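Descriptive structure summary
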Amino acid sequence: MFLQSHQRYFNWHLAIDTLGFPFFTHCTRANISDDAGLIEMFTLNIDYFKSKPIDIPKITILLDHGYHPEYLTQELERIYPEIMTKIQFQLSTKPSKQEKAAQGKCGFVPAVARWVIERSNAWMERCKILVKNFEQTLVSATAKLNLCFIRLMIKRLAAPS
């Protein structure tokens, strides 16, 4: 599961699978921190984590660098004390300037697995209902975000094999 927030007039928080399709989406006001938005998103979807058996491997949640795993762990354990027996956080890698230079690259260099969330963001950016976002409510902003992913998943299902 990959997590990232993206800021416009509001923040959207995405939890996606390795194919780039959403587990959860959540919109917050732009002045809400990434950590607080993720906690809200997990709180709204806590039943998903409660229903996961303990005897299966933990879900690894790859976070971008806007999140703070120690703080998230502490806050999520207040909501659901057993959650860390079912999930684990991992910060996404971010190549340093020295690593880029050693590879003979400069500027943007895709990080391992980070491209998955960036691809999902690119898919959303192609969705015309999100290009000019003048939503009055977070509920309608979340609905538009979900509609973009629904459209994408239907196109994938309908594609000829």
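Definitions and cut-offs
Residues numbered from 1 in each chain as written. Predicted model: local features only at pLDDT ≥ 70, side-chain atom pairs only at ≥ 80, totals over all residues. Heavy atoms only, no water. Helix = DSSP H or I, 4+ residues; strand = E, 2+ residues; numbered from the N terminus. Buried < 20%, exposed > 50% of the residue type's maximum accessible area, 1.4 Å probe, protein only. Contact = heavy atoms within 4.5 Å. Core = buried A, V, L, I, M, F, W, Y, C linked by side-chain atoms within 4.5 Å. Phe/Tyr/Trp six-rings, centres within 6.5 Å; stacked < 30°, edge-to-face > 60°. Salt bridge = Lys/Arg side-chain N within 4 Å of Asp/Glu carboxyl O. Axes fitted to C-alpha atoms, helices over the stretch in contact; angles between N-to-C directions. Parallel < 35°, antiparallel > 145°, perpendicular 65-115°, else oblique. Left-handed = near helix turned anticlockwise from the far one by under 90°. Nonpolar A, V, L, I, M, F, W, Y, C, P; charged D, E, K, R; others polar.

Describing the side chain of threonine 142
Tracing the sequence through the fold places threonine 142 in helix H7 (residues 138-158). On the accessibility criterion, threonine 142 (16% relative accessible area) is buried. Discounting chain neighbours no more than four positions away, the residues touching threonine 142 are Thr25, His26 and Cys27.

Topic: the nonpolar core
Soluble globular proteins: nonpolar side chains tend toward being buried together. The biggest cluster of nonpolar side chains holds 19 residues, and the ones touching the most others in it are Phe42, Leu76, Ile83, Ile87 and Phe89. Counting only elements with at least two residues in this core, the list comes to helix H1 (34-44), helix H2 (46-51), strand E4 (59-63), helix H3 (69-79) and strand E5 (87-91). It is H1 that contributes the most residues to this core, four residues altogether. Judged by nonpolar contacts, the second largest core, of 14 residues, contains Phe10, Ala141, Phe149 and Leu152.

Notes on the packing of aromatic side chains
As enumerated under the stated definition, the model contains seven aromatic pairs in all. Between phenylalanine 24 and phenylalanine 49, the aromatic rings sit 5.9 Å apart at their centres with planes inclined by 50°, giving tilted as the arrangement. Residue phenylalanine 24 is located in strand E3 (residues 22-29), and its partner phenylalanine 49 is located in helix H2; the two are separated by 25 residues in the primary sequence. Considered together, phenylalanine 24 and phenylalanine 49 belong to a single accessibility category, that of buried residues. With centroids separated by 4.8 Å and ring planes inclined at 35°, the aromatic side chains of phenylalanine 42 and phenylalanine 49 adopt a geometry described as tilted. In textbook terms, an aromatic cluster arises when at least three aromatic residues are bridged by ring pairs, as seen for Phe23, Phe24, Phe42, Tyr48 and Phe49.

So, the pattern of salt bridges
Following the criterion strictly, the structure yields one salt bridge and no others. For arginine 78, the salt bridge identified is with glutamate 75, shortest N-O distance 2.9 Å. A residue pair is termed a helical-turn pair when its members lie 3 or 4 positions apart in one helix, as arginine 78 and glutamate 75 do in helix H3 at three residues. With a relative accessible area of 16%, glutamate 75 lands in the buried category.

A closer look at the packing of H1 against H3
At a minimum axis distance of 10 Å, the contact between H1 and H3 shows a crossing angle of 30°. As judged from the angle between their axes, H1 and H3 are roughly parallel. When the axes of H1 and H3 are compared, the crossing they make is right-handed. Residue-level contacts link Asp35, Leu38, Ile39, Phe42 and Thr43 of H1 to Tyr71, Leu72, Glu75, Leu76 and Ile79 of H3. Residue composition of the contact of H1 with H3, by class: seven nonpolar, one polar and two charged.

All quantities given are derived from atomic positions and should not be read as evidence of function.
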